[in-house]
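Residues per chain are reported as follows:
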Amino acid sequence: MTDATELRRRTEELLAAHPPASTDRTAFLEARFDAGLAWVHYPAGLGGLDAPRSLQAVVDAELAAAGAPDNDPRRIGIGLGMAAPTILAYGTEEQKRRFLRPLWVGQEVWCQLFSEPGAGSDLAALGTRAVRDGDTWVVNGQKVWTSSAHVARWAILIARTDPDVPKHRGITYFLCDMTDPGVEVRPLRQITGEAEFNEVFLTDVRIPDAHRLGEVGDGWKVAQTTLNNERVAIGGARIPREGGMIGTVSRTWRERPELRTHDLHQRLLDLWVDAEVARMTGERLRQQLVAGQPGPEGSGMKLAFARLNQEISGLELELLGEEGLLYGDWTMRRPELVDFTGRDAGYRYLRSKGNSIEGGTSEVLLNIVAERVLGLPSEPRNDKDVAWKDLAR
């Protein structure tokens, strides 16, 4: 049984053999993975030690105190939060050993090829086709709102492999090489002036059957693992008390007394309490993960994350008054990550508008919470038993 004492011992051995001050960053991260200290709850040999998930904090604290480098989790968040748990759940042993190590180390960035121009909220209506040709699949279609596609080496992709069955049953899940011929990435400029999102065009892209994840036609079931983990990753990130955007506004409130009004004070107090409740709820959700996989509760956390970010950023603009109308830089860039707290108030206000769209729209997530958490009747559907090819589009 691996306990906290054992993990501290293993961490000390790692630090002694690979001193952070004199070891190449990538070499240190590779050694950490091989020692089972990357994600301790993963299986031995795959970056873990089959230990309780809750003990990861023990390793992280020891390494942080020693000044060890991390794997820049914000840059590789899609790989860590979505691709890795899906590969672990459905991948072959060969796939796990091929992809998990470079993913965790950060040598290979991942993106997510799910949403399409005609299949966003209704993701199961996707039309990107994958047709089998011997040991490969030929993929044609278009994906949209793809974060990090411009820097990604690999993508998790769902495509329609059988148009003759209802939409949820004719989907298959693949791992797509973003450097393959036929993959074209185009930037989508956002309201912030940047293009962290992309649209991706797939033209006769050949994916080996060895890069299929799960069984043919089981793609929707596999995708649920990705989506559940995505919502936890977005809405359930661990932050300290008064961390994130509420901390930024609270700091301005304390440092700029001339901006204060009674009304703004009341609204700040309400949002501070809401943010603290969300933070503690997220902590409870992470503790539940120790015993199993994320469920629909993550949708509730993602809903709260979107609402709070939008309301807090709006309050910040009102607090700043005329200063809040300024915007630092409209330069067209293609950033590798989203930085809410390191930018100005105008950026936070504009960027937070996307929080209720990305990772599942708030409207869809409300349905998930209603049906899968509260047990309310599902909305009537007239396409449940209709073949995808016969659906009106």
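Located above this text is the structure these notes cover.
The model shown is predicted, which means the values in this text are computed figures rather than measured ones.

Enquirer: Before we go on, may I ask you to explain a nonpolar patch on the surface in this structure?
Expert: Together, Val-273, Val-277 and Met-280 make up an exposed nonpolar region whose accessible area comes to about 260 Å². Judged by its relative accessible area of 47%, Met-280 falls in the partly exposed class.

Enquirer: Would you take a moment to explain the state of the cysteines for this structure?
Expert: Working definition: the covalent bond between the sulfur atoms of two cysteines is a disulfide. Enumeration over the complete set of coordinates arrives at zero disulfides. As a non-bridged cysteine, Cys-111 has Cys-176 as the owner of its nearest cysteine sulfur, 7.8 Å distant. For Cys-111, a relative accessible area of 0% translates into the label buried.

Enquirer: Can you walk me through the packing of helix H4 (residues 77–90) against helix H5 (residues 93–105) in this structure?
Expert: Two numbers describe how H4 lies on H5: the axes approach to 10 Å, and their chain directions differ by 165°. Between H4 and H5, the angle falls in the class roughly antiparallel. The handedness of the crossing between H4 and H5 is left-handed. On H5, the residues touching Gly-79, Leu-80, Ala-83, Ala-84, Ile-87, Leu-88 and Tyr-90 of H4 are Gln-95, Lys-96, Phe-99, Leu-100, Leu-103 and Trp-104. Across the contact of H4 with H5, the residue classes tally to ten nonpolar, two polar and one charged.

Enquirer: Got a minute to help me understand the pairing of strand S7 (residues 197–208) in this structure?
Expert: On a regular strand, one side chain projects to one face of the sheet and the next to the other, so that they alternate. Where strand S3 (residues 136–143) meets S7, seven bridges bridge the pair, whose relative direction is antiparallel. Of the residues in S7, the one forming a bridge with Val-139 is Val-205.

Enquirer: Mind showing me how you'd approach the packing of helix H1 (residues 4–17) against helix H3 (residues 56–65) here?
Expert: The relative placement of two packed helices is expressed as an angle between their axes plus a distance between the axes. Two elements in contact, H1 and H3, have axes separated by 9 Å at closest approach and are oriented at 35°. The two elements H1 and H3 cross, and the hand of that crossing is right-handed. Along its contact with H1, which presents Ala-4, Leu-7, Arg-8, Thr-11, Leu-14 and Leu-15, the element H3 presents Val-58, Val-59, Glu-62 and Leu-63. Here the residues of the contact of H1 with H3 are counted per class, giving seven nonpolar, one polar and two charged.

Enquirer: Looking at this model, I keep getting lost on the packing of aromatic side chains. Mind explaining?
Expert: Ring pairs (aromatic) are described by centroid distance and by the angle formed between their planes. Inspection of every chain in the model, using the stated rule, returns nine aromatic pairs. Plain terms: the ring middles of Phe-33 and Trp-104 are 6.4 Å apart, the flat faces sit at 45° to each other, and that makes the pair tilted. Residue Phe-33 is located in helix H2 (residues 25–34), and its partner Trp-104 is located in helix H5; the two are separated by 71 residues in the primary sequence. Both residues of the pair, Phe-33 and Trp-104, count as buried. Grouping aromatic residues by their ring pairs yields a cluster made of Phe-99, Trp-110 and Trp-154. When the ring centre of Phe-201 is taken as reference, the NZ or CZ atom of Arg-186 above it lies at 4.0 Å. It is Arg-343 that lies over the ring of Tyr-347; its NZ or CZ is 3.9 Å from the centre.

Enquirer: Where do I start with H3 in this structure?
Expert: Residues spaced three or four apart along an α-helix face the same direction, because each turn holds 3.6 residues. Of all the positions in H3, only Gln-56, Val-58, Val-59 and Leu-63 are classed as buried. The buried residues of H3 occupy an angular sector of 160° when the element is viewed end-on, so they sit on one face. H3 presents Ala-64 and Ala-65 as exposed residues on the side facing more than 90 degrees away from its buried surface. Summarising the contacts, the buried residues of H3 are in contact with H1 and H2. Gly-67, located one to two residues past H3, shows a positive phi value of around 75°.

Enquirer: I would appreciate a short explanation of the nonpolar core in the present structure.
Expert: Soluble, globular proteins show a tendency: their nonpolar side chains are buried together. Of all hydrophobic cores here, the largest spans 37 residues; its most connected members are Trp-39, Trp-110 and Tyr-173. Mapped onto this core, the elements with two or more residues apiece are H2, H4, H5, strand S4 (154–160), strand S5 (171–177) and helix H6 (219–235). The element best represented in this core is H4, accounting for six residues. Ignoring anything within four residues of it in the chain, the contact list for Trp-39 reads Phe-33, Leu-46, Gly-47, Gly-48, Gln-56, Leu-80, Ala-84, Leu-100, Leu-103 and Trp-104.

Definitions and cut-offs
Residues numbered from 1 in each chain as written. Predicted model: local features only at pLDDT ≥ 70, side-chain atom pairs only at ≥ 80, totals over all residues. Heavy atoms only, no water. Patch = residues over 30% accessible without salt bridge, like charges linked within 9 Å, V, L, I, M, F, W, Y side chains within 5 Å. Areas by Shrake-Rupley, 256 points an atom, 1.4 Å probe, with all protein chains shown as cover. Salt bridge = Lys/Arg side-chain N within 4 Å of Asp/Glu carboxyl O. Buried < 20%, exposed > 50% of the residue type's maximum accessible area, 1.4 Å probe, protein only. Disulfide = S-S within 2.5 Å. Axes fitted to C-alpha atoms, helices over the stretch in contact; angles between N-to-C directions. Helix = DSSP H or I, 4+ residues; strand = E, 2+ residues; numbered from the N terminus. Parallel < 35°, antiparallel > 145°, perpendicular 65-115°, else oblique. Left-handed = near helix turned anticlockwise from the far one by under 90°. Contact = heavy atoms within 4.5 Å. Nonpolar A, V, L, I, M, F, W, Y, C, P; charged D, E, K, R; others polar. Pairing = 2+ DSSP bridges. Phe/Tyr/Trp six-rings, centres within 6.5 Å; stacked < 30°, edge-to-face > 60°. Lys NZ or Arg CZ within 6 Å of the ring centre and 35° of its normal. Arc of directions from axis to C-beta. Core = buried A, V, L, I, M, F, W, Y, C linked by side-chain atoms within 4.5 Å.

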